[in-house]
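Structural description and commentary
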Amino acid sequence: MDQSTLFSLALGLTPPWEVWSVRFSLEKRRLDISIGFPMGSLFTCPVCGSKEAKAYDTNEQSWRHLNFFQHKAWLIARVPRVECDKGCGVKKIDVPWARPGSGFTLLFEALIMAMVKEMPVAQVAELLGVHDTRLWRIINHYVPKARESMELSKVERVGMDETASKRGHNYISLFFNMENGQLLFATPGRDKETVKAFAEDLTAHKGNPEQVKEVCCDMSPAFIAGVTDNFPNANITFDRFHIMKLINEAVDQVRRDEAKTEPLLAKTRYIWLKNQHNLTAKQEKTLASFEGSQTQDRQGLPYAVGLSGAVSMLYP
Ligand SMILES: [Zn+2]
């Protein structure tokens, strides 16, 4: 098997397309694969679908392809405009390895989409040596397309939370399907309107806000008002993370206040905040000394000890 045939097979080219030459430049660290078609080849007319359209003229184009080991690889082809005998005019054909108008092959775009799921776009841009504007163009093509076909008729349990795109600024609200962790909707903001926007988007994707039975969120009054207005049949559950955060803050505040008058509580912060089975041997001993005092002298027991005990009963 010669080199060109090997590359034709590896690229999955089908007639009339075939690899004509493969040039590798070590200096430029790139591989150029030239693709062509034999004279007199017939193409599919993009207007009427006739398989007998003949090349009218050609125009050279190139596409970035998957790396060849550590080297950049490019496909280069003279893409024909074709003329069919049904009078459809002279039209440029679509090549099978790339989307019309894209400077990347479909496989390279698939690689980009897989990578941007796992890491920031700026990082992917750096790794692949592609400007991030070009990556965003690809993302903005595929993501709305994938969302268009999202079918959300079975959504009944929703989780919502907010995150900041920059520390303390630009809030984004995220909505998840609690059954499978799927991200359903994301939108800037964190007010009542964001919940309404989610309800509208759900409806647009065959979901039904009245069918949502449970919404899990933090205790933000805006979220709660949004849920009450837009999801009439949903019970609201506050998620454990936010409740634990509030309780831990309360326990710590009590400990701080009491530590001012109770020297025994100095340097015991984590004893009250950690799960009992995560304590070190030393911490366990200190905790036990408090529990000992509990049986002997309930009156003298610091309030934090009692509160911490109550928390560990609620959330063992
Ligand atoms: Zn035609």
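In this text, all values refer to a predicted model and were calculated from it rather than measured experimentally.

**Observations regarding helix H6 (residues 221–230)**
When we look at burial in H6, the residues that qualify are Phe223, Gly226, Val227 and Asn230. For H6, the buried positions fall inside an angular range of 95 degrees around the axis, keeping them on one side. Residues of H6 that are buried in the fold lie against strand S7 (157–166), helix H5 (192–204), strand S10 (214–217) and strand S11 (235–238).

**Concerning the pairing of strand S2 (residues 30–36)**
Bridge count between strand S1 (residues 18–25) and S2: seven bridges; the pairing is antiparallel. Bridge pairing in S2 links Val22 to Ile33. Between the antiparallel neighbours S1 and S2 lie four residues, among them Arg29 with a positive phi of about 50 degrees. Across six bridges, the pairing between S2 and strand S5 (residues 71–83) is parallel. Residue pairing across strands places Leu31 opposite Ala73, the latter belonging to S5.

**As for the environment of Asn248**
Following the sequence through the fold, Asn248 ends up in helix H7 (residues 240–259). In this structure, the C-alpha to C-alpha distance between Asn248 and His169, residues 79 residues apart in sequence, is 25 Å.

**Digging into helix H2 (residues 106–116)**
Regarding H2, the residues found buried are Phe108, Glu109, Ile112 and Val116. Down the axis of H2, the buried set is contained in an arc of 100 degrees. They therefore lie on one face. Summarising the contacts, the buried residues of H2 are in contact with strand S4 (53–68), helix H3 (121–128) and helix H4 (132–148).

**Thoughts on the packing of H3 against H4**
Where H3 meets H4, the closest approach of the two axes is 9 Å, and the angle between their N-to-C directions is 120 degrees. By crossing handedness, the relation of H3 to H4 is classed as right-handed. Packed against H3, whose contacting residues are Val121, Ala122, Val124 and Ala125, the element H4 presents Asp132, Leu135 and Trp136 at the interface. For the contact of H3 with H4, the residue count by class is six nonpolar, no polar and one charged.

**Considering the sheet that holds strand S9 (residues 183–188)**
Reading across the sheet, the five strands line up as S9-S8-S7-S10-S11 and stay open at both edges, with mixed pairing between neighbours. Each end of this open sheet is capped by a strand with a single partner; those strands are S9 and S11. On average, each strand axis in the sheet is inclined to that of its neighbour by 25 degrees, with strand direction left out of account. Against the sheet, H5 contacts strand S8 (169–177) and S9, and its axis sits at roughly 140 degrees relative to S9.

**Here we look at the confidence of the model for the chain**
When pLDDT is averaged across the chain, the result is 86; 91% of the residues are at 70 or more. Predicted confidence for residues 294–301 stays below pLDDT 50, and this span has five contacts to residues more than four positions away or in other chains.

**Examining the packing of H5 against H6**
Where H5 meets H6, the axes come as close as 7 Å, and the angle between the chain directions of the two elements is 35 degrees. Relative to H6, the crossing made by H5 is right-handed. In contact with Lys192, Thr194, Val195, Lys196 and Ala199 of H5, H6 contributes Ala222, Phe223, Ala225, Gly226, Val227, Asp229 and Asn230. Considering only residue class, the contact of H5 with H6 consists of six nonpolar, three polar and three charged.

Calculation criteria
- Residues numbered from 1 in each chain as written.
- Predicted model: local features only at pLDDT ≥ 70, side-chain atom pairs only at ≥ 80, totals over all residues.
- Buried ≥ 20, exposed ≤ 12 C-beta atoms within 10 Å, placed from the backbone.
- Helix = DSSP H or I, 4+ residues; strand = E, 2+ residues; numbered from the N terminus.
- Arc of directions from axis to C-beta.
- Contact = placed C-beta atoms within 7 Å.
- Pairing = 2+ DSSP bridges.
- Axes fitted to C-alpha atoms, helices over the stretch in contact; angles between N-to-C directions.
- Left-handed = near helix turned anticlockwise from the far one by under 90°.
- Nonpolar A, V, L, I, M, F, W, Y, C, P; charged D, E, K, R; others polar.
- pLDDT = per-residue confidence, 0-100.

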